[in-house]
Amino acid sequence: MRILFLVYHGFSPHSGISKKIHYQVKGLRENGHEVRLCYYDFSANGHSCRYVDDLVIKDYGRGVLAGIRQRTDYYCIYDYCIREKIEMVYARCFQNANPWLIRFFMELKKAGVHSVTEIPTYPYDQEFKHFEWKMRIGLKIDQLFRDSLYKQMDAVVTFSDCERIFGQRTIRISNGVDFDSIPLHHSSVIGHQSSELHLIGVAEVHPWHAFDRVLTGLGCYKGSRKVYFHIVGGVHPDHMEKTFLPLIEKYHLQDKIIFHGQLFGDELTKVFDQCQFAIGSLGRHRSGITDIKTLKNREYATRGIPFIYSENDSDFDQKPYVLKAPADESPIDIQRIIEFVDSFNLHPIEIRNSVQHLTWKIQMQKVLDSINFF
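Note that this is a predicted model, so its numbers are computed, not measured.

### Points about the overall build of the chain
Along its length, the chain carries 12 helices and 15 strands. Overall, the chain is about 65 × 40 × 40 Å in size when its C-alpha atoms are taken along their principal axes. A total of 374 residues make up the chain; the buried ones form 53% of that total. If you sum the accessible surface of the chain, you get close to 17,100 Å²; carbon and sulfur atoms cover 52% of it.

### Thoughts on unusual backbone geometry
Going from Tyr122 to Pro123, the amide bond is cis rather than trans, its omega being -5 degrees. Note that Pro123 resides in the loop between β6 (114–119) and α5 (133–150). One non-glycine residue, Asp53, lies in positive phi territory at about 55 degrees. In this fold, Asp53 is placed in the loop between β3 (48–52) and β4 (55–61).

### Digging into the environment of Tyr221
Relative to the helices and strands, Tyr221 resides in the loop between α6 (212–220) and β11 (226–232). Here Tyr221 is in contact with Val227, Ile334, Gln335 and Ile338, once residues within four sequence places are set aside. Among the polar contacts listed, one links the side chain of Tyr221 to the backbone nitrogen of Ser224, at a separation of 3.5 Å.

### Let's talk about the sheet that holds strand β15 (residues 322–324)
Sheet architecture is open: six strands sit in the order β12-β11-β10-β13-β14-β15, paired in parallel fashion. Of all the strands in the sheet, the pair left with one neighbour each is β12 (257–261) and β15. Adjacent strand axes in the sheet meet at a mean angle of 25 degrees, parallel and antiparallel pairs treated alike. Sheet analysis places β11 next to β12, joined by four bridges and oriented parallel. When the bridges of β12 are listed, Val232 appears paired with Gly261. Set on the sheet, helix α8 (residues 265–274) makes contact with β10 (196–202), β11 and β12; between it and β10 the angle comes to about 140 degrees.

### Quick word on the environment of Cys275
Structurally, Cys275 can be placed in the loop between α8 and β13 (277–279). Since its relative accessible area comes to 0%, Cys275 is described here as buried. If sequence neighbours within four positions are ignored, Cys275 has contacts with His185, Ser187, His198, Leu199, Ile200, His230 and Ile305.

### Thoughts on α5
With 18 residues, α5 should cover 26 Å at 1.5 Å per step; its first-to-last C-alpha distance of 25 Å lies within 8% of that length. The principal kink in α5, of about 45 degrees, is found at Leu144. All buried positions along α5 are accounted for by Leu139, Asp142, Arg146, Leu149 and Tyr150. In the core, the buried residues of α5 are packed alongside α4 (99–110), β6, β7 (155–158) and β9 (168–172).

### Section: the nonpolar core
Soluble globular proteins tend to pack their nonpolar side chains together in the buried interior. Among the nonpolar cores identified, the biggest contains 54 residues, and Leu199 and Phe229 are the most heavily contacted of them. For this core, the leading source of residues is helix α10 (residues 334–343), giving five residues. Within the second largest apolar cluster, 36 residues are counted, among which are Tyr74, Cys76, Ile102 and Val113.

### Concerning the packing of aromatic side chains
The full count for this structure, using the stated rule, is 22 aromatic pairs. Aromatic pair Tyr75 and Tyr78: ring centres 5.8 Å apart, planes at 40 degrees, arrangement tilted. With Tyr75 and Tyr78 both in helix α3 (residues 75–83), this residue pair falls three residues apart, about one helical turn. Ring-pair connections join several aromatic residues into one group, and the members of that group are Phe272, Tyr300, Phe307, Tyr309, Phe316 and Tyr321.

### A word on the packing of α6 against helix α7 (residues 237–251)
Any two packed helices are characterised by the angle at which their axes cross and by the distance between the axes. Closest axis-to-axis distance for the α6/α7 pair is 10 Å, and the angle between their directions is 5 degrees. Here α6 is positioned roughly parallel relative to α7, judged by the angle of their axes. Mapping the contact onto sequence places Asp212, Leu215, Thr216 and Gly219 in α6 and Thr243, Phe244, Leu247, Ile248 and Tyr251 in α7. Considering only residue class, the contact of α6 with α7 consists of five nonpolar, three polar and one charged.

### Structural notes on the side chain of His230
Looking at where His230 falls in the secondary structure, it is placed in strand β11. Judged by relative accessible area, His230 falls into the buried class, the value being 3%. A polar side-chain atom of His230 sits 2.9 Å from a polar atom in the side chain of His198. Non-local contacts of His230, meaning those with residues more than four positions away in its chain, are made with His198, Leu199, Ile200, Gly201, Ile258, His260, Val271, Gln274 and Cys275.

### Things to note about the side chain of Ser160
Topologically, Ser160 is positioned in the loop between β7 and β8 (164–165). A polar contact of 2.7 Å, which involves the side chain of Ser160, links it to the side chain of Thr158. Here the side chain of Ser160 touches Cys162 through a polar contact of 3.2 Å, landing on its backbone nitrogen. If near-sequence neighbours (up to four positions away) are discounted, Ser160 is found in contact with Tyr122, Ile165, Arg172 and Asp291.

Rules behind the numbers
- In this convention, every chain numbers its residues from 1, walking through the sequence in written order.
- Local features in this predicted model are restricted to residues of pLDDT 70 or higher, and side-chain atom pairs are both shown and tallied only at a pLDDT of 80 or more, whereas totals for entire chains, interfaces and linings draw on every residue.
- Computation of side-chain values: all heavy atoms of the structure, hydrogens and water removed.
- Note on conventions: DSSP H or I runs of at least 4 residues are helices, E runs of at least 2 residues are strands, and numbering of each starts at the N terminus.
- Here's how the labels work: a residue is buried when its accessible area is under 20% of the maximum for its type, exposed when over 50%, partly exposed in between, all with a 1.4 Å probe on protein chains only.
- For every accessible area listed, the method is Shrake-Rupley and the probe measures 1.4 Å; residues are considered covered only by the protein chains on display.
- Note on contacts: a residue pair is in contact if any heavy atoms of the two residues lie within 4.5 Å.
- For this analysis, a polar contact is any N or O atom pair within 3.5 Å, provided that within protein one partner can donate a hydrogen and the other can accept it, and provided that sequence-adjacent residues contribute only side-chain to side-chain pairs.
- For two strands to be treated as a pair, DSSP must find no fewer than two bridges joining them.
- Helix axes use the C-alpha atoms of the stretch in contact, all axes being lines fitted to C-alpha atoms, and the angles between their N-to-C directions lie in the range 0 to 180 degrees.
- Expected span, for any helix, means 1.5 Å times one less than how many residues it has.
- Bend at a residue means the angle formed by two fitted axes: the first through the 7 residues ending at that position, the second through the 7 residues beginning there.
- For the purposes of this section, nonpolar cores are sets of buried Ala, Val, Leu, Ile, Met, Phe, Trp, Tyr and Cys residues that join through side-chain atoms within 4.5 Å.
- Classification of ring pairs rests on two measures: the distance between centres of Phe, Tyr or Trp rings, Trp counted by its six-membered ring, which must be within 6.5 Å, and the angle between planes, read as stacked under 30 degrees, edge-to-face over 60 and tilted in between.
- Just so you know how the angles are binned, under 35 degrees is roughly parallel, over 145 roughly antiparallel, 65 to 115 roughly perpendicular, and the rest oblique.
- In this classification, Asp, Glu, Lys and Arg are treated as charged, Ala, Val, Leu, Ile, Met, Phe, Trp, Tyr, Cys and Pro as nonpolar, and every other residue, Gly included, as polar.

Okay, structure coming up:
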């Protein structure tokens, strides 16, 4: 099958979202499909361009008008789909529903081209309360047009348990993993008492990660074990100043919280191998989300490290290598983590083997199997 994977932005070599998209494309190709990747980026001369793989299919030029055109002119993608006999468009939601995008998918539908859109996080409206006003205005536009947009789709792909989103049926899958890109965890102290416990949380940190609950938990912890929390990923200066630094000062955690910034490859693995336990999202309730299958839980399991989170995730809720935290604002119970780690006896490869069914190859094929092509 010929598939166009449509993304409304460009890529960064260090972005987790960018890597995920490329793994999804890889998963579709591993199932024998011919996949083209369509995205928006800037050319070497600074022009705004629409690409399919490395081919420019539309040069919008420079300046403000170029930015407007790339948000309203989708005919070049439609023309490409018809010319190249694309059978399905797999789009990734960018909270950008508008009349021009509705018309694009309407014309695809008339031409017999199937389409789905993946909504990575649902519901997402409450996340925007933390963003700048321009993005909040964009959300208002999206809210006006998204029901009409999704009427043009075959389905909405979701990592939640919702059966309908914006009036459209859903295809419910899990976030997947790429085993080739994630090394197995190595730590000599799992399952054995040690004088120190090292926790790791990997994220582009947002309020819904609620790492502040771990800091508060460390402040309330009265035991003798030395516990350290390694935070890997970007932290917005406002979040650092208003959330993390006051807690660090209040509880005198200056030597217990280590901010590594963004790490990749071997540098990231070295920090993982210092640690015995991982921290997932602890505040999805802050965004009004109760059920979600996050990518981070799957990456932790693929590495083979036990972890904690607070949302409902049916792939992991009953696993022996998982601790569930309450979905509220209570401090994380550090003593409970210590006791869990001290009694833990699963090897990393056993954890990794439990998620073999969560490869992107399997998850992406589920989408195609749920669409009536005939």
